[in-house]
Amino acid sequence: MGLPPFDEPLTTGAGRDAGERSSLEASTPLARLLAGNQRFAAGRPRYGHDVNAPRARTAEHRPWALVIGCLDSRVPPEAVFDQDFGDIVVVRTGGHVLDDAGLGSVEFCVSAFGVPLVVVLGHQYCGAVTATVRALDSGVRPGGLTDRLVDEIAPAVDRSGDADPAERVEEAIDRHVARTVAKVSELRLVAERVAAGALEVVGARYQVETGQVRVLGR
Ligand SMILES: [Zn+2]
């Protein structure tokens, strides 16, 4: 399915010069997301929560990216990437751990919307990763179904050395993103689309302190 135009004119905001306008009119879905993040991190978002935006898309929506993120209240993807209603679809769970419902949602977005981009977004200060490191160090699991999050994140945690827990959390955040990227990439539908050049799956990390997103592994 076709993508909406990336060169839509700016309709809000003021004081943008030609150079900035050019950088906003990104040519790929990933560049478009990162341009949105630059607007957000610079304190100059284009989109708010205008009720007219969802009203304008009542007939259909054609999202062009899927973001798989953590439920953390400080990391709402629509705000972090400064995107409007109808632009991106989002799957969020604790520590972006994906069970069958999550993976089914990914497949749905890929098949129904034909999204050309999937971004797995980890973040600084992730409570799910921190809780996992704590559980592994103490030998005390949180209990209940929260243990499933710990079990899924645990392979990303370095347990071999004497590194500071905060450092191990930092490393585990990136490693867990890579594992989630691999898990998504193993879905047959995703693998087929990637092989055909119709889909890209990337990992990224959000820094709470700066508001900036960095693509990992590049
Ligand atoms: Zn988190």
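Note that this is a predicted model, so its numbers are computed, not measured.

Caption draft 1: Inspection of the coordination of the zinc ion at higher detail. Protein coordination at the zinc ion comes from Cys-70 (SG), His-123 (NE2) and Cys-126 (SG), with a distance range of 2.0 to 2.3 Å. Sequence spacing of the donors to the zinc ion: C-x52-H-x2-C. Across the pair, exposure class does not vary: His-123 and Cys-126 are buried alike.

Caption draft 2: Quick peek at the packing of aromatic side chains. The tally for this structure, following the rule as stated, stands at 1 aromatic pair. Consider the rings of Phe-108 and Phe-113, whose centres lie 5.6 Å apart with planes at 80°: the pair is edge-to-face.

Caption draft 3: Spotlight on the pairing of strand β4 (residues 200-206). With respect to burial, β4 is a largely interior element, 6 of its 7 residues being buried. In the sheet, strand β3 (residues 117-123) pairs with β4 via 7 bridges, with the strands oriented parallel. Bridge pairing in β4 links Gly-122 to Arg-205. In this structure, β4 lies alongside strand β5 (residues 213-215), joined through 3 bridges in antiparallel fashion.

Caption draft 4: Examining the nonpolar core more closely. Judged by nonpolar contacts, the single largest core of 21 residues is most densely connected at Leu-66, Ile-68, Val-106, Val-184 and Val-190. Elements with a minimum of two residues in this core: β1 (65-70), β2 (88-93), α5 (100-113), β3 and α8 (165-185). A total of 5 residues in this core trace back to one element, the largest contributor, which is α5. Judged by nonpolar contacts, the second largest core, of 17 residues, contains Leu-33, Val-80, Val-119 and Val-215.

Caption draft 5: Geometry of the UniProt feature "binding site: Zn(2+)" (unreviewed entry) in the protein. UniProt records the feature "binding site: Zn(2+)" (unreviewed entry) at Cys-70, Asp-72, His-123 and Cys-126, using the numbering of this structure. A compact arrangement is adopted by the annotated residues: their sequence extent is 57 residues, whereas the largest C-alpha distance between any two is 8.8 Å. Of note, Cys-70 is situated in strand β1. Each residue touching Cys-70, except ones within four places of it in the same chain, is listed here: Val-75, Arg-92, Thr-93, Gly-94, Gly-95, His-96, Leu-121, His-123 and Cys-126. Structurally, His-123 can be placed in strand β3. Residue class for His-123 comes out buried when judged on its relative accessible area of 1%. For His-123, the contacting residues outside a window of four places in its chain are Cys-70, Asp-72, Arg-74, Val-75, Ile-173, Tyr-206 and Val-208.

Caption draft 6: Broad picture of unusual backbone geometry. Its identity is not glycine, yet His-96 carries a phi of approximately 40°, on the positive side. A positive phi angle, close to 65°, is found at Tyr-125, a residue other than glycine. With respect to the helices, strands and loops of the structure, Tyr-125 is situated in the loop between β3 and α6 (127-138).

Caption draft 7: Representation of the pattern of salt bridges in the model. Per the stated rule, a full pass over the model turns up 11 salt bridges. The shortest N-O distance in the salt bridge between Arg-57 and Asp-87 comes to 3.6 Å. With a gap of 30 residues between them, Arg-57 in the loop between α3 (52-55) and β1 and Asp-87 in the loop between α4 (77-80) and β2 connect regions that are remote in the sequence. By relative accessible area, Arg-57 is classed as partly exposed at 32%. Here Arg-141 and Asp-147 are joined by a salt bridge, their closest N and O atoms 3.4 Å apart. By relative accessible area, Arg-141 is classed as partly exposed at 43%. For Asp-147, a relative accessible area of 13% translates into the label buried. Three or more residues are tied together by salt bridges with common partners; here these are Arg-141, Asp-147 and Asp-151.

Caption draft 8: Representation of the environment of Ile-173 within the structure. Checked against the element boundaries, Ile-173 lands in helix α8. Judged by relative accessible area, Ile-173 falls into the buried class, the value being 3%. A C-alpha to C-alpha distance of 8.7 Å links Ile-173 and Tyr-125, two positions 48 residues apart in sequence. When sequence neighbours within four positions are dropped, the list of residues in contact with Ile-173 reads His-123, Gln-124, Tyr-125, Cys-126, Val-129 and Arg-205.

Reading the values: the criteria
- Residues numbered from 1 in each chain as written.
- Predicted model: local features only at pLDDT ≥ 70, side-chain atom pairs only at ≥ 80, totals over all residues.
- Heavy atoms only, no water.
- Donors = N, O, S within 2.8 Å, 3.2 Å for Na, K, Ca; no water.
- Buried < 20%, exposed > 50% of the residue type's maximum accessible area, 1.4 Å probe, protein only.
- Phe/Tyr/Trp six-rings, centres within 6.5 Å; stacked < 30°, edge-to-face > 60°.
- Helix = DSSP H or I, 4+ residues; strand = E, 2+ residues; numbered from the N terminus.
- Pairing = 2+ DSSP bridges.
- Core = buried A, V, L, I, M, F, W, Y, C linked by side-chain atoms within 4.5 Å.
- UniProt positions renumbered as here; feature names shortened; annotations may be inferred.
- Contact = heavy atoms within 4.5 Å.
- Salt bridge = Lys/Arg side-chain N within 4 Å of Asp/Glu carboxyl O.

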